[in-house]
There are 2 protein chains.
Amino acid sequence: MGASLKDVAQLAGVSVKTVSNVVNNYPHVTPAMRERVQRAIDELGYRPNLTARHLRKGRTGIIALAVPELGNPYFAELAGAVIDAAARHDYTVLLDHTAGLREKEVLVSQGFRAHVIDGLILSPIELEAEDLLGRPGDAPLVLVGEREYDAPYDHIAIDNVAAARTAVRHLAGLGRQRIAFLGARREMARQPAHLRLRGWREELTAAGLPHDDSLVAATDGYGRWDGAAAMNALLDRGAQPDAVFAYNDLMALGAMRALVERGLRVPQDVSVVGFDDVEEGRFSTVALTTVSPDKQAIARLAVERVVARLAGAPQLQPERIRPGYTLVARESTAPRTG
Amino acid sequence: MGASLKDVAQLAGVSVKTVSNVVNNYPHVTPAMRERVQRAIDELGYRPNLTARHLRKGRTGIIALAVPELGNPYFAELAGAVIDAAARHDYTVLLDHTAGLREKEVLVSQGFRAHVIDGLILSPIELEAEDLLGRPGDAPLVLVGEREYDAPYDHIAIDNVAAARTAVRHLAGLGRQRIAFLGARREMARQPAHLRLRGWREELTAAGLPHDDSLVAATDGYGRWDGAAAMNALLDRGAQPDAVFAYNDLMALGAMRALVERGLRVPQDVSVVGFDDVEEGRFSTVALTTVSPDKQAIARLAVERVVARLAGAPQLQPERIRPGYTLVARESTAPRTG
DNA sequence: CTGAAAGCGCTTACAG
DNA sequence: CTGAAAGCGCTTACAG
């Protein structure tokens, strides 16, 4: 049991209000009074009970972040950036992961831990727009990532179509003609890879290249293993790509591994481009070319948006915000010289 | 503004106690009463205010986890496992990272967010035993990882000396004679690599191999870049190792990258063993041999320990708990055949 | 099985 | 510049 405000007030011989003033650095307190109270605080080892404060103020200073999978370094790096950005606004971060399961995403979006979180940043995979309809509570929700919704919520995401086109253009510029796409899904409509696949298709057309659907590999997940499996499936059915654009770095890395195992050389035989710019791609034996979204900006904007809404920014319209990205060319798409 | 218990009670024409009984699934409530109350709850869209509950009960159901760096996949994977383990006990996880900075670790260990977290799991890098002395508050603290302290706290960590010896034994068994260690620090006493370096030294002795200090590379950090830099430094000073045991997988991966850049082959010229078994090592072009700590067990045990202390387990002595580990041999230490 | 009331530890008008 | 008092929304003995 720690000491309470009342205990401190009693020891210092003042009212709780005065102690509260001191604790909260209320300016108009005489130095003598401040010192007297501080002495009592030190003596008792008093620490304010934040829970009581929360109840009283209706705010906790905690925002939740829910990502699909912390094992994916993209989300781990993003989470780190969100924690830092939140700290700059004196917020702490409650972290949850959804495994990309709609059910879990719904649970989270409906406000898990009601009243203990002031706001929520969610990176959904399978969530549908209708799931967002009757959100109870008033904790602001900010969406992050490549899924798009017709829903009145802020959404922070780079322009995935344009970014994908940049990647494909890079490959086409290298003279590659049979550019595969790894990471589609069976039903395409609203899946995460949707926009990147569209970018792939658009840019192929722009480059005057046919888009051969046998060069598209569908997967169930988005990890290294899925990338390797998709690559193998493609090769097994005789697709013979000379380049691969993968949904993300993890899949690209898995694909590279599969290529090497089959005796194909990267980049000489097959060029590879990923998406996310996770650190690991910089250190793979063949360093990975990738689309690098500005993760710091994504994290910062998401947090700022939550904070602005909490500050009651008047008439803040739900907005689609597009942070920047760059194509980082590395060894996996080095021009054929040797 | 959500509805309160009182609002529900009023609408249902009962006392708040009765509503509380329903909300908390108190068994002795007549079905008719339960239904009446439930109807009022539904109508008002009532959701209990957890903050108030927390204040009243003195518990929040939140435990904090502080790791050095989420960008290190080992910690990201561990964090994921902790979140899952905590969920099994109905706890949510507040996540923070310390960058391995003593100052931040002290802050965290002193109970950041007092009263909002019920307990704390901390993986320290630079924290000293004395920093743990006058911990205020009574939130249980469980330590995790390779730093060891003479302090009355639970500590979950695999046997780092034995694990390191296993790795070095594996290398020696391959006939390697000049086994380098990557990841020491300038002042060795209490640094994280301490125990693994000791294991390296002990096993070298046991194997009848001299331990040449020129084969030990010190680093400042523990990332991929540090591993590459340490490897290069070692090679630059003409050390000529035929094997490398790195403090962790990230450093091992960085070292492999450096070796390849210098035209050295892994494993033919230099065998490499890491530590952590992060998924990325399974997919590197040369799959990485590693010591694999049982992360699930570490996470589970840490959470269980916090929960047990919160449940007021009587006379629970602070304990050092040692989860298991295995050596996973992969391509980076394949026997020389070719 | 249900109700009336106190209290968790704060903050904040409202006085003075 | 400081004090007395109400109230945030729950839970929990204590009665009945």
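Rules used throughout
Residues numbered from 1 in each chain as written. Chains lettered and ligands numbered in written order. Predicted model: local features only at pLDDT ≥ 70, side-chain atom pairs only at ≥ 80, totals over all residues. Heavy atoms only, no water. Near = heavy atom within 4 Å. Polar contact = N/O pair within 3.5 Å; in protein donor to acceptor, adjacent residues only side chain to side chain. Pairing = 2+ DSSP bridges. Helix = DSSP H or I, 4+ residues; strand = E, 2+ residues; numbered from the N terminus. Axes fitted to C-alpha atoms, helices over the stretch in contact; angles between N-to-C directions. Phe/Tyr/Trp six-rings, centres within 6.5 Å; stacked < 30°, edge-to-face > 60°. Buried < 20%, exposed > 50% of the residue type's maximum accessible area, 1.4 Å probe, protein only. Lys NZ or Arg CZ within 6 Å of the ring centre and 35° of its normal. Least-squares fit on C-alpha atoms with pLDDT ≥ 70 in both. Contact = heavy atoms within 4.5 Å. Domains from an automatic or database assignment. Parallel < 35°, antiparallel > 145°, perpendicular 65-115°, else oblique. Left-handed = near helix turned anticlockwise from the far one by under 90°. Nonpolar A, V, L, I, M, F, W, Y, C, P; charged D, E, K, R; others polar. Buried area = accessible area lost by both parts, 1.4 Å probe. Salt bridge = Lys/Arg side-chain N within 4 Å of Asp/Glu carboxyl O.

- Under the annotation held in an unreviewed UniProt entry, chain A carries the name Transcriptional regulator, LacI family and is attributed to Actinacidiphila bryophytorum.

1. Quick word on the protein's contact with DNA strand C
- For DNA strand C, the set of nearby residues contains 23 residues, the closest of which are Leu5(A), Tyr46(A), Arg53(A), Arg56(A) and Thr18(B).
- For DNA strand C, the backbone makes up 68% of the atoms found within 4 Å of the protein, where backbone means sugar plus phosphate.
- Leu5(A) places a main-chain nitrogen or oxygen 2.9 Å from a phosphate oxygen of DNA strand C.
- For DNA strand C, a base nitrogen lies 3.3 Å from a polar atom in the side chain of Arg56(B).

2. Regarding the sheet that holds strand S12 (residues 325–328) of chain B
All names here are of chain B.
- Read from one edge to the other, the open sheet built from six strands follows the order S7-S6-S8-S9-S10-S12, with strand pairing classed as mixed. Looking at the sheet topology across the chains shown, the edges are occupied by strand S7 (216–218) and S12. Each adjacent strand pair in this sheet contributes to an overall mean axis angle of 15 degrees, direction not counted.
- Of the strand pairs in this sheet, strand S8 (residues 243–246) and strand S9 (residues 271–275) are connected by three bridges, and their pairing is parallel.

3. Here we look at the packing of aromatic side chains
- On inspection of all chains with the given rule, the structure shows ten aromatic pairs over all chains.
- Between Tyr74(B) and Phe75(B) the ring centres are 5.3 Å apart and the planes differ by 75 degrees, which places this aromatic pair in the edge-to-face class.
- Assessed through its relative accessible area of 11%, Tyr74(B) is described here as buried.
- Linked through ring pairs, Phe181(A), Trp200(A), Phe245(A) and Phe275(A) together constitute an aromatic cluster.
- For the cation-ring pair, Lys17(B) lies above Tyr26(B), with the distance from its terminal atom to the ring centre recorded as 5.4 Å.
- In this arrangement the basic side chain of Arg196(B) is found over the ring face of Phe275(B), its NZ or CZ atom lying 3.6 Å from the centre.

4. As for the relation of the copies chain B and chain A
- For the pair chain B and chain A, the superposition axis carries a translation of 0.0 Å, the fit reaches an RMSD of 0.1 Å, and the rotation angle comes to 180 degrees. In short, the pair behaves as if placed about a two-fold rotation axis. Of the C-alpha atoms belonging to chain B, the one lying closest to the rotation axis is found on Leu94(B), 2.1 Å away.
- An overlap of 100% is found between the interface residues of chain B and their copies at the interface of chain A, pointing to a shared contact surface.

5. Examining the domain arrangement of chain A
- By domain assignment, chain A separates into domain 1 (1–39), domain 2 (57–158 + 295–324) and domain 3 (160–293).
- Computed over C-alpha atoms, the centres of domain 1 of chain A and domain 3 of chain A are 63 Å apart.

6. Side note on the packing of helix H5 (residues 73–88) of chain B against helix H12 (residues 295–310) of chain B
Residues and elements named next belong to chain B.
- It is the contact of H5 with H12, at a shortest axis distance of 8 Å, that shows an interaxial angle of 45 degrees. Considering the angle they form, H5 stands oblique to H12. H5 and H12 meet at a crossing whose hand is right-handed. Of the residues in H12, those touching H5 at Tyr-74, Glu-77, Leu-78, Ala-81, Val-82, Ala-85, Ala-86 and Arg-88 are Lys-295, Gln-296, Ile-298, Ala-299, Arg-300 and Val-303.
- Taken together, the residues of the contact of H5 with H12 sort by class into nine nonpolar, one polar and four charged.

7. Considerations on the interface of chain B and chain A
- Across the boundary between the two partners, chain B contributes 51 residues, which contact 51 residues of chain A.
- For the chain B and chain A pair, buried surface summed over both sides reaches about 4,400 Å², with 60% attributable to carbon and sulfur atoms.
- Together, Arg47(B), Arg257(B) and Phe283(B) form the three largest contributors to the area buried by chain B at its contact with chain A, with a combined 17%.
- For the interface between chain B and chain A, the tally reads four salt bridges.
- Here Arg257(B) ties to Glu331(A) by a salt bridge, and the two come within 2.4 Å at their closest N and O atoms.
- Only helix H4 (50–57), H5, strand S2 (92–97), helix H9 (224–236), helix H10 (249–261) and helix H11 (279–283) of chain B provide two or more residues apiece to the side of chain B that touches chain A.
- For the side of chain B that touches chain A, the class distribution of residues is 25 nonpolar, 14 polar and twelve charged.
- In this sheet, S2(B) lies alongside strand S2 (residues 92–97) of chain A in antiparallel orientation, the contact comprising three bridges. Counterpart to Leu94(A) in the pairing with S2(B) is Leu94(B).

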